[in-house]
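Close look at the chain arrangement
What follows is the residue order along each chain.
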Amino acid sequence: QVRLVESGGGLVQAGGSLRLSCAASGRTASTYAVAWFRQAPGKEREFVVGITWSTGFTHYADSVKGRFTISRDNAKNMVYLQMNSLKPEDTAVYFCAARLSRYVIFTTAGEYDYWGQGTQVTVSS
């Protein structure tokens, strides 16, 4: 089992920045892929960005390319999401998710086995 805990959400003005953290514990392994998803009220959960733990390969949703950056700290079992130039439409609950995958980053929520509890990000205009 893998346990994921997100932190770092909050309220920020448009154009501002936030950094989210995802702490992984339990049966963590270098063969996992970790992704960030988000869900706004009344909308489906959508893929934001993912990273493979061992190779560091990344894949971004078009809506966040150039503004968001994912990174990992293997020694600390941490994954980070740096969010810059935030827009009101980025407002959502952000979730960290993981699954076994050494090379592929899946973009569908149903493909992931482990989820954190989520952290709220609110961007005011």
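Now for a look at the structure at hand. (Residues numbered from 1 in each chain as written. Predicted model: local features only at pLDDT ≥ 70, side-chain atom pairs only at ≥ 80, totals over all residues. Heavy atoms only, no water.)

Overview of the overall build of the protein chain
Short version of the rule: Here a helix means four or more residues in a row that DSSP labels H or I, a strand means two or more in a row labelled E, and each is numbered from the N terminus. For every residue, the accessible area (1.4 Å probe, protein chains only) is compared with the maximum for its type, and the residue is labelled buried under 20%, exposed over 50%, or partly exposed between those bounds. We call two residues in contact when some of their heavy atoms are within 4.5 Å. Here the accessible surface of atoms and residues is derived via Shrake-Rupley with a 1.4 Å probe, and residues count as covered only by protein chains that are part of the display. Only four residue types enter the tally: Lys and Arg on the positive side, Asp and Glu on the negative side; His and the chain ends are excluded. Charge positions come from single atoms, namely NZ of Lys, CZ of Arg, CG of Asp or CD of Glu.
Counting its secondary structure elements, the protein chain contains zero helices and eleven strands. If you line up the protein chain on its principal axes, its C-alpha atoms span 40 × 30 × 25 Å. Going through the 125 residues of the protein chain one by one, you find that 43% of them count as buried. A separation of at least 24 residues holds for 59% of the contacts in the protein chain among residues at least 6 apart in sequence. When the accessible surface of the protein chain is totalled, it reaches about 6300 Å², and 47% of it is carbon and sulfur. Counting 13 positive and 9 negative side-chain charges, the protein chain places the averaged centre of each group 6 Å from the other.

Considerations on the pairing of strand β11 (residues 119-124)
Stated formally: Strands are labelled as partners when DSSP assigns at least two bridges between them.
Taking every second residue as pointing to the same face, the buried face of β11 carries Thr119, Val121 and Val123, while none of Gln120, Thr122 and Ser124 on the other face is buried. Of the pairings in the sheet, the one linking strand β2 (residues 10-13) to β11 comprises four bridges and is parallel in character. Each residue of the ladder has a partner; that of Gly10, found in β11, is Val121. Of the strand pairs in this sheet, strand β9 (residues 92-100) and β11 are connected by three bridges, and their pairing is antiparallel. Looking across to β11, one finds that Tyr94 is bridged to Thr119.

A closer look at the packing of aromatic side chains
Heads up, the condition is: A pair of Phe, Tyr and Trp rings is counted when the ring centres sit within 6.5 Å of each other, with Trp represented by its six-membered ring. The angle between the planes then sorts it: under 30 degrees is stacked, over 60 is edge-to-face, the rest tilted. Remark: a charge is flagged as sitting over a ring if the NZ atom of Lys or the CZ atom of Arg is within 6 Å of the ring centre and within 35 degrees of the ring normal.
Counted according to the given criterion, the structure contains six aromatic pairs. Summarising the aromatic geometry, the rings of Tyr32 and Tyr114 are spaced 6.3 Å apart at their centres and angled 55° between planes, so their arrangement reads as tilted. Here the residue Tyr32 occupies a position in strand β4 (residues 32-39), and Tyr114 occupies one in strand β10 (residues 114-115), the gap between them amounting to 82 residues. Looking at Tyr32, the relative accessible area reads 8%, which means it is buried. With a centroid separation of 5.7 Å and an interplanar angle of 80°, the aromatic rings of Phe37 and Phe47 are classed as edge-to-face. In this pair, Phe37 is assigned in strand β4 and Phe47 in strand β5 (residues 46-52), connecting sequence segments ten residues apart. For the pair Phe37 and Phe47, a shared accessibility class is recorded, and that class is buried. Ring-pair connections join several aromatic residues into one group, and the members of that group are Phe37, Phe47, Phe95, Tyr112 and Trp115. Taking the ring centre of Tyr80 as reference, the NZ or CZ of Arg19 above it sits at 4.2 Å. The positively charged end of Arg45 is found above the aromatic ring belonging to Trp115, 4.8 Å away from the centroid.

Observations regarding the sheet that holds strand β3 (residues 18-26)
Selection criterion: For helices, the fitted line uses only the C-alpha atoms of the stretch in contact; every axis is such a line through C-alpha atoms, and the angle between N-to-C directions lies from 0 to 180 degrees.
Ordered by their spatial adjacency, four strands build an open sheet running β1-β3-β8-β7, and the pairing between neighbours is antiparallel. Taken across any chain shown, the strands that pair with only one partner, and hence form the sheet edges, are β1 (2-7) and β7 (68-73). Going across the sheet, the axis of each strand differs from the next one's by a mean of 15°, ignoring polarity. Looking at chain direction, β7 and strand β8 (residues 78-83) are connected through six bridges and run antiparallel. Bridge assignment links Ile70 to a residue of β8, and that residue is Leu81.

Examining the state of the cysteines
Inclusion rule: Only a pair of cysteine sulfur atoms within 2.5 Å qualifies as a disulfide here.
Applying the stated criterion to the full structure yields one disulfide. Across the disulfide from Cys22 sits Cys96; the S-S distance is 2.0 Å. Taking the torsion about the sulfur-sulfur bond, which here is approximately -75°, the covalent link between Cys22 and Cys96 counts as left-handed. Linking Cys22 in strand β3 with Cys96 in strand β9, this pair joins segments that are 74 residues apart in sequence.

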